[in-house]
Amino acid sequence: MSEIKVNSIKGVGASTAAITVNNTDGTCTANITNNLSNRRLTINGAMTIAQRGSSSTTSGYGTVDRFACYFGGTDEAVTQAQVDVSSGTTPYTLGFRKALKITNGNQTSGAGAGDDVQIQTRFEAQDIAQSGWNYTSASSFITLSFWVKSSVAQNFYWYLRTKDGTDQRYAFETGSLSADTWTKITKTIPGNSNLQFDNNNENGLELIFGAFFGTDYTDSGVSLNAWGAYSGSTRTPDYTSTWYTTNDATFELTGVQLEVGSVATDFEHRSIGQELALCQRYFYAMLDGNGVLCENASMYNSASPHFSVPFPVTMRTAPSLEVSNNSGDFAKFEAGSGSTFNTISRGSVTTTRIAAMDANASGTAGNSVLIRGELSTAKVHWSAEL
């Protein structure tokens, strides 16, 4: 029997090896670019799902699922929006059709020390703990890749933050981005003996894309590409304020993929149905506007119909109810007649699979009724966000 003994295999003219062999145990690391499934830890990284809507000036979750836009100290609110990726561009040619875009307001008072604009996504601790990343080892890696576009040419600083044990922070930079040009960024991040991820469904890891942080949050002495103890006042090196002080500056993000290993593989595209189900573990838009909420509610007494609503997937934890309260938002139909009302509340039982609900509509005790959204402003949402 013959055998070939090599340290690596590299293509002609390639700068990196396609296969690297561990000479001790015979295992290998391969730079594989085909679309292996179930390796992407980020949910909705292609920004395809936006259950809350396509545009918002709310700080926090407002549009694209699993990605929140937080801002503070601003003179004018930042706008977050799900937008189309322009045809003919890369990443469009790689299958990306949507992006998360933030548009700066007019910050007339300048860059304040306490001002900030950031995009953030969070991961359950158990998903990191069970990912296969040996996170306490400096020779085990995760790789982050994404596409970014800024209307202002500058360098940005971003960071990872762990949440279990003593919080740790890993800051890195994009390098100088060219204005209005999509750029792919790849960062390979080692483990560290100080990292901890508990095997539970709580917030274990945060990934923060900062458009601007004021000096209350930054320090010139922060080391890049290294783990260190997290502090709210030393998150990244000091920021250039150009983007923040440019009226209506924009910032776009798509193709966010965090995966185990030292090599960035091609983005794992999932179907809309798969991505929506993953998002609904954290947020479920049950009703927006006109539509049936429940067909088989019953009048518990003469003043309150009771009904239950199942969730399409098991939610992360028993969710909180977000409901509109406008006059006439909802309607009750009983024995051929209808009436409007404006209050729906969560009942005494809410689990990760189903919720009991109450309404304040009068009727005949014991009768079956239908509950629906009557106006375009009607809203019933459930949130189990990290």
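First, a word on scope: everything that follows refers to the structure included in this document. Computed from a prediction, not measured in an experiment: that's the story for all the values here.

A word on the overall build of the protein chain
Part 1 of the argument: Helix and strand counts for the protein chain stand at three helices and 25 strands.
Part 2 of the argument: Considered along the principal axes of its C-alpha atoms, the protein chain spans approximately 85 × 65 × 45 Å.
Part 3 of the argument: Out of the 386 residues in the protein chain, the part that is buried amounts to 47%.
Part 4 of the argument: Pairs at least 24 apart in sequence give 74% of the contacts found in the protein chain among residues at least 6 apart.
Part 5 of the argument: By element, 45% of the accessible surface of the protein chain is carried by carbon and sulfur atoms, the whole surface being about 16800 Å².

Considerations on the environment of Asn290
Part 1 of the argument: One can find Asn290 in the loop between strand 16 (283-288) and strand 17 (291-301).
Part 2 of the argument: Sequence-wise, Asn290 and Thr16 are 274 residues apart; in three dimensions their C-alpha atoms are separated by 56 Å.
Part 3 of the argument: Residues within four places of Asn290 in sequence aside, it is in contact with Arg372, Gly373, Glu374, Leu375 and Ser376.
Part 4 of the argument: In this structure the side chain of Asn290 is engaged in a polar contact, spanning 2.9 Å, whose partner is the backbone oxygen of Glu374.

A look at the environment of Ile142
Part 1 of the argument: Residue position: Ile142 is located in strand 9 (residues 141-150).
Part 2 of the argument: Among the residues examined, Ile142 registers a relative accessible area of 2% and is labelled buried.
Part 3 of the argument: Through-space distance from the C-alpha of Ile142 to that of Ser327 is 51 Å; in sequence the pair is 185 residues apart.
Part 4 of the argument: Excluding residues within four positions of it along the chain, Ile142 makes contact with Trp133, Leu160, Lys187, Thr188, Ile189, Leu258, Glu259, Val260 and Gly261.

Digging into the sheet that holds strand 19 (residues 320-323)
Part 1 of the argument: Across the sheet, which stays open at both edges, the three strands sit in the order 16-25-19 with antiparallel pairing between neighbours. Looking at which strands have only one partner, the edges of the open sheet turn out to be strand 16 and strand 19. Averaged over neighbouring strand pairs, the angle between their axes works out to 15° when direction is ignored.
Part 2 of the argument: For strand 16 and strand 25 (residues 379-383), the ladder comprises five bridges, and the chain directions are antiparallel. Along strand 25, the bridge assignment pairs Tyr284 with Trp382.

A look at the pattern of salt bridges
Part 1 of the argument: According to the stated counting rule, one finds 12 salt bridges in the structure shown.
Part 2 of the argument: A salt bridge links Arg40 to Glu275, with the nearest nitrogen and oxygen atoms 2.9 Å apart. Placement of the pair is Arg40 in the loop between strand 3 (28-30) and strand 4 (55-56) and Glu275 in helix 3 (residues 272-280), with a sequence separation of 235 residues. Of the two residues, Arg40 and Glu275, both sit in the buried class.
Part 3 of the argument: The salt bridge partner of Lys98 is Asp84, with a shortest N-O separation of 2.6 Å. Pair noted here: Lys98 is in strand 7 (residues 98-103) and Asp84 is in strand 6 (residues 79-84), with a separation of 14 residues, a long-range link.

Thoughts on helix 3
Part 1 of the argument: Every buried residue belonging to helix 3 is among Glu275, Cys279 and Gln280, and all of these are buried. Buried residues of helix 3, seen end-on, are gathered within an arc of 135° and therefore sit on one face of the element.
Part 2 of the argument: Turning to helix 3, the residues buried within the fold contact strand 16.

Topic: the pairing of strand 6
Part 1 of the argument: Pairing analysis gives two bridges linking strand 4 to strand 6, with the strands arranged antiparallel. The residue bridging Ser55 from the neighbouring strand is Ala81, located in strand 6.
Part 2 of the argument: Looking at chain direction, strand 6 and strand 7 are connected through six bridges and run antiparallel. Looking at strand 7, one finds that Asp84 is bridged to Lys98.

Structural notes on a nonpolar patch on the surface
Part 1 of the argument: Taken together, Ile4, Val6 and Ile9 make up a surface patch of nonpolar side chains, about 310 Å² in accessible area.
Part 2 of the argument: Along the polypeptide, Ile9 turns up in strand 1 (residues 8-9).
Part 3 of the argument: Taking relative accessible area as the criterion, Ile9 reaches 45% and is therefore assigned partly exposed.

Comments concerning the packing of aromatic side chains
Part 1 of the argument: Using the criterion set out here, one finds 21 aromatic pairs in the structure.
Part 2 of the argument: Between Tyr135 and Phe197, the aromatic rings sit 4.9 Å apart at their centres with planes inclined by 85°, giving edge-to-face as the arrangement. Here Phe197 lies in the loop between strand 12 (183-190) and strand 13 (203-213) and Tyr135 lies in the loop between helix 1 (125-129) and strand 9, a separation of 62 residues in the sequence. The exposure classification of Tyr135 matches that of Phe197, with both residues buried.
Part 3 of the argument: With a centroid separation of 5.4 Å and an interplanar angle of 85°, the aromatic rings of Phe146 and Phe209 are classed as edge-to-face. Of this pair, Phe146 sits in strand 9 while Phe209 is found in strand 13, placing the two residues 63 residues apart along the sequence.
Part 4 of the argument: Residue Phe146 is classed as buried on the basis of its relative accessible area of 0%.
Part 5 of the argument: Three or more aromatic residues joined by ring pairs form one cluster here, namely Tyr157, Tyr159, Phe212, Phe213, Tyr217, Tyr230, Tyr239 and Tyr244.
Part 6 of the argument: In this arrangement the basic side chain of Arg66 is found over the ring face of Tyr282, its NZ or CZ atom lying 3.8 Å from the centre.

What to know about unusual backbone geometry
Part 1 of the argument: Phi at Asn44 takes a positive value of approximately 65°, unusual for a residue other than glycine.
Part 2 of the argument: Positionally, Asn44 belongs in the loop between strand 3 and strand 4.
Part 3 of the argument: Its relative accessible area of 0% is what places Asn44 among the buried residues.

Digging into the sheet that holds strand 3
Part 1 of the argument: Taken together, three strands build an open sheet; the order of strands is 1-2-3 and the sheet is antiparallel. Looking at strand neighbours, the two that pair on one side only are strand 1 and strand 3, the edges of this open sheet.
Part 2 of the argument: Where strand 2 (residues 19-21) meets strand 3, three bridges bridge the pair, whose relative direction is antiparallel. In the strand pairing of strand 3, Thr20 is matched with Thr29.

Rules behind the numbers
Residues numbered from 1 in each chain as written. Predicted model: local features only at pLDDT ≥ 70, side-chain atom pairs only at ≥ 80, totals over all residues. Heavy atoms only, no water. Helix = DSSP H or I, 4+ residues; strand = E, 2+ residues; numbered from the N terminus. Buried < 20%, exposed > 50% of the residue type's maximum accessible area, 1.4 Å probe, protein only. Contact = heavy atoms within 4.5 Å. Areas by Shrake-Rupley, 256 points an atom, 1.4 Å probe, with all protein chains shown as cover. Polar contact = N/O pair within 3.5 Å; in protein donor to acceptor, adjacent residues only side chain to side chain. Pairing = 2+ DSSP bridges. Axes fitted to C-alpha atoms, helices over the stretch in contact; angles between N-to-C directions. Salt bridge = Lys/Arg side-chain N within 4 Å of Asp/Glu carboxyl O. Arc of directions from axis to C-beta. Patch = residues over 30% accessible without salt bridge, like charges linked within 9 Å, V, L, I, M, F, W, Y side chains within 5 Å. Phe/Tyr/Trp six-rings, centres within 6.5 Å; stacked < 30°, edge-to-face > 60°. Lys NZ or Arg CZ within 6 Å of the ring centre and 35° of its normal.

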